[in-house]
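Listed here are the chains, written in short residue letters.
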Amino acid sequence: MNTEPEGYRASLRASLVDVLSRVADPPRGRARGPKRLRLTTVAVFALLACSARPAVAHPGWGIAVDSQGHVYFTDIGNETIWKLFPDGRLVAAVTDVWCHHLYLDDQDNLYFDAENYQATTGNSFWKMSPSGERLVLVPSTSNRDEYSGEYTFADTEGNLYFAGSWGVRKRTPLGRVTFLAGAPSERTQRDGRGEAARFSWITGMTRGPRGAFYVVDAEGDRAALRRVSLDGTVATVASDLLTVPADDPFFPDNSFNVIWGLFMADDDRAYLAYTGNRRLLRVSPEAEVEELYHAEAPWAPVGVTAHDGGLYVLETAWEEGVGHTGPRVSRLLSDGTSEVLITIG
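Here the structure is a predicted model, which means the values were calculated and not measured.

Inspection of the secondary structure assignment puts Gly132 in the loop between strand 7 (122–128) and strand 8 (134–141). Considered as a pair, Gly132 and Ala93 are 39 residues apart in the sequence and their alpha carbons are 8.1 Å apart.

As structure tokens, then:
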């Protein structure tokens, strides 16, 4: 795809306004920082200008592996969710979809978000059975208080949990939306329960092995891993996860220093796709951070999951004069070796 879809830049302009508003209206008691504003502006305009491909806004991070070893991953540039077979065959599982986030449940049902960038109908959320039958769980809406898209998980009772402005929300099967944690207030990081908790900018979210949610919450040049329990209690697990400045930045001007995808293992260790520094990090329950993988330029991890003793990493790339390429899927084995399973584009 070499042309921009209709309405794409309008969508990015709206995102720009949202990002800049976070800096122009900082938390109470914190002075406006010209340097921080300049870097945020550079970051967003770099995304607008660096490529004609739709993936420049920010790439999708969705990757999951089913019980049969099929790898599902999102490809915004080609508006496709791919299914990679263990023998290397690749088929399109879902087409004509602008999807950032996806996951699989224990029955191999695929859940994914869909953003309609060509109209004002906004975001929707879907469930697809292993046989391909689809069910819309959230009809398309442009009201981000009702549903913001991205980072969405369902429970067995039909409730949905999603991250958006101000925190993590719960949406019932009847469409009633409340805050599980957070509230419309200042953007900062504060642990607490329910509306006493505060978030700055959630750039990643996943579900842990015992039902709690884990988010990456970014505030300026800092990012923290935070746990959100089902009773709304928020606790910081690890802080200061970013290298500032990044020593192997995704963009030459260091303007994309973010963590996108994350995965929680059964042993409560977190795996973070540190896109802005081309790393895959592992964080222990004791907040010890170690580097597991360093992608070679121009590639960078953007999503991660695990299956059968290996880690599967979704990666994206950007090159000066070329723009965004990919995605590709790599597998990291327990002995420290890695292999590229497939590259798109």
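Having seen it, we continue.
Looking now at the packing of aromatic side chains. All chains considered together, the criterion is met by 16 aromatic pairs. The interplanar angle of 40° and the centroid separation of 5.0 Å between the aromatic rings of Tyr161 and Phe213 together place this pair among those described as tilted. A residue pair is termed long-range when its members are at least 10 positions apart, and Tyr161 in strand 10 (residues 160–164) and Phe213 in strand 15 (residues 213–219) qualify at 52 residues. With respect to burial, Tyr161 and Phe213 carry one shared label: buried. Here the aromatic rings of Phe251 and Trp318 are separated by 4.7 Å at their centres, their planes lie at 85°, and the arrangement is edge-to-face. Pair noted here: Phe251 is in the loop between strand 17 (233–238) and strand 18 (262–264) and Trp318 is in strand 23 (residues 310–319), with a separation of 67 residues, a long-range link. What makes Phe251 buried here is its relative accessible area of 3%.

Following Val244, the chain continues into Pro245 via a peptide bond in cis, with omega recorded as -10°. Mapped onto the elements, Pro245 comes out in the loop between strand 17 and strand 18. Here the amide bond leading from Gly326 into Pro327 is cis, since omega sits at 10°, within 30 degrees of zero. Within the secondary structure, Pro327 is located in strand 24 (residues 323–332). Phi is positive for Glu79, which is not a glycine, with a value near 50°. Topologically, Glu79 is positioned in the loop between strand 2 (71–75) and strand 3 (80–84). We classify Glu79 as buried; its relative accessible area is 15%.

With that settled, the discussion passes to the nonpolar core. Within the largest apolar cluster, 43 residues are counted, with the highest numbers of intra-cluster contacts made by Val71, Phe73, Phe199, Met205 and Val228. With four residues, strand 10 is the largest single contributor of residues to this core. In terms of nonpolar packing, the next biggest core, distinct from the first, is built from 17 residues, Ala212, Met264, Tyr274 and Leu281 among them.

Among the seven residues in strand 15, seven count as buried, and that is most of the element. A two-sided burial pattern is seen for strand 15, the buried positions comprising Phe213, Val215, Asp217 and Glu219 on one face and Tyr214, Val216 and Ala218 on the other. Direction of pairing for strand 14 (residues 202–207) relative to strand 15: antiparallel, over a ladder of five bridges. Its bridge partner lying in strand 15, Met205 is registered against Val215. Hairpin remark: strand 14 followed by strand 15, antiparallel, with five residues in the connecting loop; positive phi at Gly211, about 95°. Sheet analysis places strand 15 next to strand 16 (residues 222–228), joined by seven bridges and oriented antiparallel. Bridge pairing in strand 16 links Val216 to Leu225. Hairpin connection between strand 15 and strand 16: a loop of two residues separates the two successive antiparallel strands, and Gly220 in this loop has a positive phi of roughly 65°.

Turning our eyes to something else, we now look at the confidence of the model for the chain. Caution applies to low-pLDDT regions: their predicted coordinates should not be interpreted in detail. Chain-level pLDDT for the chain is 84 on average; 82% of the residues reach the 70-or-more range. Here residues 1–56 is a poorly scored stretch, pLDDT under 50, and it has 88 contacts once near neighbours within four places are set aside; other chains count.

Here the focus is the sheet that holds strand 25 (residues 338–343). Strand-to-strand pairing in sheets goes through backbone hydrogen bonds, with the strands running parallel or antiparallel. Ordered by their spatial adjacency, four strands build an open sheet running 22-23-24-25, and the pairing between neighbours is antiparallel. Whereas interior strands pair on both sides, the edge strands pair on one side only; in this sheet they are strand 22 (299–307) and strand 25. In this sheet, neighbouring strand axes are inclined to one another by 25° on average, regardless of whether the strands run parallel or antiparallel. Of the pairings in the sheet, the one linking strand 22 to strand 23 comprises eight bridges and is antiparallel in character. Among the inter-strand pairings, Ala306 is bridged to a residue of strand 23, identified as Leu311.

For Asp108, the location among the structural elements is in the loop between strand 5 (102–104) and strand 6 (110–116). Despite its burial, Asp108 pairs with no opposite charge, the nearest such side chain being Lys83 at 8.6 Å. Setting aside residues up to four positions removed in sequence, Asp108 forms contacts with Asp66, Ser67, Met128 and Pro130.

Cut-offs applied
Residues numbered from 1 in each chain as written. Predicted model: local features only at pLDDT ≥ 70, side-chain atom pairs only at ≥ 80, totals over all residues. Heavy atoms only, no water. Helix = DSSP H or I, 4+ residues; strand = E, 2+ residues; numbered from the N terminus. Phe/Tyr/Trp six-rings, centres within 6.5 Å; stacked < 30°, edge-to-face > 60°. Buried < 20%, exposed > 50% of the residue type's maximum accessible area, 1.4 Å probe, protein only. Core = buried A, V, L, I, M, F, W, Y, C linked by side-chain atoms within 4.5 Å. Pairing = 2+ DSSP bridges. pLDDT = per-residue confidence, 0-100. Contact = heavy atoms within 4.5 Å. Axes fitted to C-alpha atoms, helices over the stretch in contact; angles between N-to-C directions. Lys, Arg positive; Asp, Glu negative; His and termini not counted. Salt bridge = Lys/Arg side-chain N within 4 Å of Asp/Glu carboxyl O.

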